[in-house]
Every structure is written in structure tokens, then in C-alpha cells.
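# Coordinate analysis (summary)
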Amino acid sequence: MRRSDGKVSEPADPIGFDAVFAELPLLHPTPRSWAELAAARLPEFLADHAVCEQQVAMYALSLAGYYPEDAELVERSAALAAEEVQHFRRVVAILRRRGWPLGGRRKNPWAQSLRARIVLGREPWTKIDRLLFGAMIEARSCERFTRLLEVVEDPEVVNLLADLGPAERRHWKLFYRLAGRDVDEQALAVRFQGWREFEADLARGLGTSPAVHG
Ligand SMILES: [Fe+2]
Ligand SMILES: [Fe+2]
């Protein structure tokens, strides 16, 4: 593209997967073949995606319920839930316009296995784990959206993912920051490393279904 000053500028780079991945706390990249599968089966992807947004909104609100005395967490998680509800509504609107069915509750073995790793009844670690679980959910979602953006050509879905990827990137950082308020930086990093390795082991077995975390 030629600019008015005569210099040639590059077309806007969509979002480079490698650059995004390098800043995420993930240890295993989703194969491009997953994105090709999801792009070929967008009705299934979007139906699952809507449920993911709905569930993360509910999870964020549940944190406010677990820790009502933590004013910052209540405020931040309520705001995050509101944002996820907006994401949910955007995906639902696309499904409706296209006459594609919205999915209901379904199994998400990746998220279930992760959630089962939260240590219960041992604060501050329970709270920290709950927040690190949220960080992993957001980080992997960001990564999947970015991966899919490399492949998908549907303009409406491109716009959706280009907006949501950066939002989920912001969200994992928020969860991580909130987790770091009750423990020193090194202890948090060690704890998170356990989550990162566990998640990578799960992710290595994925990539074969068009679901967001499939
Ligand atoms: Fe979201
Ligand atoms: Fe999010």
C-alpha cells in the first residue's frame, strides 16, 4: 500500500501467532490442523464458544461469591463477568443470524481436569489456584482464537476473534496479578509453573475436535 508520503507500508499484520504465543504462559502450541478443523466446522465451534463465554462469566461471578471480603476481587471479577457476558451475546447474535443452534452444557474434559487440580480448603492456596485456573482458561482461549485467526476467512468471525483474543490476553494477566497479592512473586511463579506443565500435558492430547478447548 502506498501512503500519501510516497513510502510503501505493509498491510496491517492480522495478529502473528508466534508473537502472541511467546507472551502467553503456555508450553504447548495448538497445531494449525486444529484451526483448519474448527474453520471447516464453524457452527460447532461457535456453539461451543458461546458456552465457553457463558461459563467463564459464571466462574468469575462465583469467585465474588467465594471471597466477598476481597473488595478488589469482587469488583474485578464482576467487571470481567460483565465483559464475558458481552462476548457471549456477540457469539449468540452470530449464531441466531445464521440460524445455527446454540449449544447447551457439554463436557469440556480439558477444563474439568484443570479445575480438579485446584487444592481445596487450604488458603491462601485455594484462592491462588482458583485464580491460576482462570488464568489458564483465558490464556488457552486467547491462543486458540489467535490460531483460528490464521485460517478462518469468514469476515464476521475474523472480527469477533480479533476483538476477543486481546481481551482474553488481558484477562489471564488480570487473574495472575490477582493471584499474586497473597504470596511472593517467586512462590507464585513456582505454583504457576505446576499449572503450566499440567495444562501442557492435557493440551498435547487435544486438537482433534472443533471445540474451543477440544
Ligand atoms: Fe471471553
Ligand atoms: Fe476472558
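Located above this text is the structure these notes cover.
Residues numbered from 1 in each chain as written. Chains lettered and ligands numbered in written order. Predicted model: local features only at pLDDT ≥ 70, side-chain atom pairs only at ≥ 80, totals over all residues. Heavy atoms only, no water.

What follows deals with the side chain of His-49. Tracing the backbone shows His-49 in helix α3 (residues 42-66). At a separation of 2.8 Å, a polar atom in the side chain of His-49 contacts the side chain of Glu-53. When near neighbours in sequence (up to four residues on either side) are disregarded, His-49 contacts Val-91, Phe-145, Leu-160, Leu-161, Leu-164 and Val-212. (Helix = DSSP H or I, 4+ residues; strand = E, 2+ residues; numbered from the N terminus. Polar contact = N/O pair within 3.5 Å; in protein donor to acceptor, adjacent residues only side chain to side chain. Contact = heavy atoms within 4.5 Å.)

Summed over the entire model, instances satisfying the criterion amount to eight aromatic pairs. Ring geometry for Phe-133 against Trp-195: centres 6.5 Å apart, planes inclined by 55°, an arrangement best described as tilted. Of this pair, Phe-133 sits in helix α6 (residues 125-149) while Trp-195 sits in helix α8 (residues 185-204), and the two are 62 residues apart along the sequence. Note on Phe-133: relative accessible area 4%, which makes it buried. The rings of Tyr-59, Phe-133 and Trp-195 are connected pair by pair, giving a single aromatic cluster. (Phe/Tyr/Trp six-rings, centres within 6.5 Å; stacked < 30°, edge-to-face > 60°. Buried < 20%, exposed > 50% of the residue type's maximum accessible area, 1.4 Å probe, protein only.)

Within the first shell, the iron ion (ligand 1) binds the protein through Glu-53 (OE), Glu-84 (OE), His-87 (ND1) and Glu-168 (OE), at distances of 2.0 to 2.2 Å. With four donor atoms in place around the iron ion (ligand 1) and angles of 87 to 143° between them, the coordination shape is irregular. (Donors = N, O, S within 2.8 Å, 3.2 Å for Na, K, Ca; no water. Tetrahedral: all angles 85-135°; square planar, octahedral: opposite > 155°, others 65-115°.)

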